[in-house]
Amino acid sequence: MLRNRLAQNRLMRQFCNEREIDLLDTTETLAARFAAGDNLYFPDESHLTERGHAVVAAALASFLER
């Protein structure tokens, strides 16, 4: 399961690239913050906490400003 955990990300990136649609994938941003010790997920590790949503919001704001 870990091996294929980003399969949907790859499929969405391919879909968007083929249609020239901008895509914001926050996976790497969230992973880096989590690795740095930020608790971004509830204990089940599938839903974002308020802090996790703030990270996504900041990434989205930056994406939209570009």
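Residues numbered from 1 in each chain as written. Predicted model: local features only at pLDDT ≥ 70, side-chain atom pairs only at ≥ 80, totals over all residues. Heavy atoms only, no water.

Caption draft 1: Just the packing of aromatic side chains, in detail. Going through the model one piece at a time under the given rule, you end up with one aromatic pair. Ring geometry for F34 and Y41: centres 5.8 Å apart, planes at 75 degrees, overall edge-to-face. In this structure F34 comes out as partly exposed when scored by relative accessible area, which is 41%. (Phe/Tyr/Trp six-rings, centres within 6.5 Å; stacked < 30°, edge-to-face > 60°. Buried < 20%, exposed > 50% of the residue type's maximum accessible area, 1.4 Å probe, protein only.)

Caption draft 2: Structural context of the environment of Y41. By secondary structure assignment, the location of Y41 is in the loop between helix 2 (27-35) and helix 3 (50-65). For Y41, a relative accessible area of 22% corresponds to the partly exposed category. Along the sequence, Y41 and Q14 sit 27 residues apart, while their C-alpha atoms lie 27 Å from each other. In this structure, Y41 is in contact with L30, F34, S46, H47, L48 and T49, ignoring residues within four places of it in sequence. (Helix = DSSP H or I, 4+ residues; strand = E, 2+ residues; numbered from the N terminus. Contact = heavy atoms within 4.5 Å.)

Caption draft 3: Geometry of unusual backbone geometry. Positive phi values are uncommon outside glycine, yet E20 reaches one of about 55 degrees. Note that E20 resides in the loop between helix 1 (7-18) and helix 2.

This is a description of form; function is not addressed.
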